[in-house]
Amino acid sequence: MPIYQFVVRSGDHEDDPDVRWSHLPDEGAARRYGHLLIKDFKSSGRYPDSSRLYVVVKDEMGNPLISIPFQDIV
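Cut-offs applied
- Residues numbered from 1 in each chain as written.
- Predicted model: local features only at pLDDT ≥ 70, side-chain atom pairs only at ≥ 80, totals over all residues.
- Heavy atoms only, no water.
- Phe/Tyr/Trp six-rings, centres within 6.5 Å; stacked < 30°, edge-to-face > 60°.
- Helix = DSSP H or I, 4+ residues; strand = E, 2+ residues; numbered from the N terminus.
- Buried < 20%, exposed > 50% of the residue type's maximum accessible area, 1.4 Å probe, protein only.
- Pairing = 2+ DSSP bridges.

S.K.: So what about the packing of aromatic side chains? Which residues, and what values?
M.R.: Aromatic ring pairs are described here by two measures, namely the spacing of the ring centres and the angle between the planes. Throughout the structure, instances matching the rule amount to four aromatic pairs. Taken together, a centroid distance of 6.3 Å and an interplanar angle of 5 degrees make the contact between F41 and F70 stacked. One end of the pair, F41, is in helix α1 (residues 27–44); the other, F70, is in the segment after β5 (64–69), with 29 residues separating them in the sequence. Comparing F41 with F70, the two get one shared label, buried. Between Y47 and F70, the ring centres sit 5.8 Å apart and the planes meet at 85 degrees, which makes this aromatic pair edge-to-face.

What follows is the structure, encoded as C-alpha coordinates:
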(Lines give C-alpha, C1' and ligand atoms only; values in the text may rest on other atoms or scores of the structure.)
Protein backbone atom coordinates (compact mmCIF):
# COMPACT_ATOMS: atom_id res chain seq x y z
CA MET A 1 0.00 0.00 0.00
CA PRO A 2 1.43 3.42 -0.94
CA ILE A 3 2.54 5.93 1.67
CA TYR A 4 1.21 9.48 1.39
CA GLN A 5 2.58 12.62 3.05
CA PHE A 6 0.33 15.48 4.23
CA VAL A 7 1.80 18.97 4.73
CA VAL A 8 0.05 22.24 5.66
CA ARG A 9 1.24 25.11 3.48
CA SER A 10 0.61 28.81 3.05
CA GLY A 11 1.82 30.35 -0.17
CA ASP A 12 5.13 28.74 -1.02
CA HIS A 13 6.28 27.66 2.46
CA GLU A 14 5.36 24.93 4.90
CA ASP A 15 3.55 26.19 7.99
CA ASP A 16 3.62 23.03 10.02
CA PRO A 17 6.79 21.02 10.65
CA ASP A 18 4.53 18.19 11.87
CA VAL A 19 4.28 16.29 8.58
CA ARG A 20 1.84 13.40 8.63
CA TRP A 21 2.34 10.13 6.81
CA SER A 22 -0.27 7.48 6.13
CA HIS A 23 -0.51 4.17 4.25
CA LEU A 24 -3.55 4.44 2.01
CA PRO A 25 -4.81 2.35 -0.91
CA ASP A 26 -4.90 5.09 -3.56
CA GLU A 27 -4.98 8.80 -4.37
CA GLY A 28 -8.74 9.01 -3.78
CA ALA A 29 -8.29 7.74 -0.22
CA ALA A 30 -5.45 10.25 0.25
CA ARG A 31 -7.78 13.07 -0.87
CA ARG A 32 -10.46 11.96 1.60
CA TYR A 33 -7.87 11.75 4.39
CA GLY A 34 -6.67 15.27 3.53
CA HIS A 35 -10.26 16.52 3.85
CA LEU A 36 -10.55 14.85 7.27
CA LEU A 37 -7.28 16.43 8.41
CA ILE A 38 -8.51 19.89 7.44
CA LYS A 39 -11.81 19.35 9.26
CA ASP A 40 -9.87 18.22 12.34
CA PHE A 41 -7.50 21.23 12.16
CA LYS A 42 -10.44 23.64 11.81
CA SER A 43 -12.41 22.15 14.71
CA SER A 44 -9.34 22.09 16.99
CA GLY A 45 -8.53 25.76 16.34
CA ARG A 46 -4.96 24.83 15.50
CA TYR A 47 -4.97 27.25 12.58
CA PRO A 48 -7.21 30.20 13.55
CA ASP A 49 -6.52 32.11 10.30
CA SER A 50 -6.84 29.34 7.75
CA SER A 51 -8.13 31.37 4.81
CA ARG A 52 -4.85 31.07 2.87
CA LEU A 53 -3.83 27.60 4.01
CA TYR A 54 -4.00 24.32 2.16
CA VAL A 55 -2.90 20.72 2.61
CA VAL A 56 -0.52 19.32 0.04
CA VAL A 57 -0.72 15.58 -0.46
CA LYS A 58 2.57 14.09 -1.64
CA ASP A 59 3.58 10.62 -2.74
CA GLU A 60 6.24 8.61 -0.93
CA MET A 61 8.95 10.28 -3.03
CA GLY A 62 7.76 13.75 -1.94
CA ASN A 63 6.17 14.67 -5.27
CA PRO A 64 3.03 16.83 -4.84
CA LEU A 65 -0.16 15.14 -6.02
CA ILE A 66 -3.06 17.22 -4.68
CA SER A 67 -3.53 20.62 -3.04
CA ILE A 68 -6.65 21.00 -0.90
CA PRO A 69 -7.51 24.57 0.23
CA PHE A 70 -8.81 24.88 3.79
CA GLN A 71 -11.53 27.24 2.55
CA ASP A 72 -13.00 24.49 0.34
CA ILE A 73 -13.72 22.22 3.33
CA VAL A 74 -16.73 22.96 5.50
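Having put the structure on the table, let's press on.
S.K.: Talk me through the pairing of strand β1 (residues 3–10); I want residue IDs and the actual numbers.
M.R.: In terms of burial, β1 is a largely internal element, seven of the eight residues being buried. Examined bridge by bridge, β1 and strand β3 (residues 20–23) share four bridges and lie antiparallel to one another. Each bridged residue has a counterpart across the sheet, and for I3 the counterpart in β3 is H23. As paired strands, β1 and strand β4 (residues 53–58) are joined by six bridges and run antiparallel to one another. When the sheet's bridge partners are listed, Q5 is paired in β4 with K58.

That is the geometry; function is a separate question.
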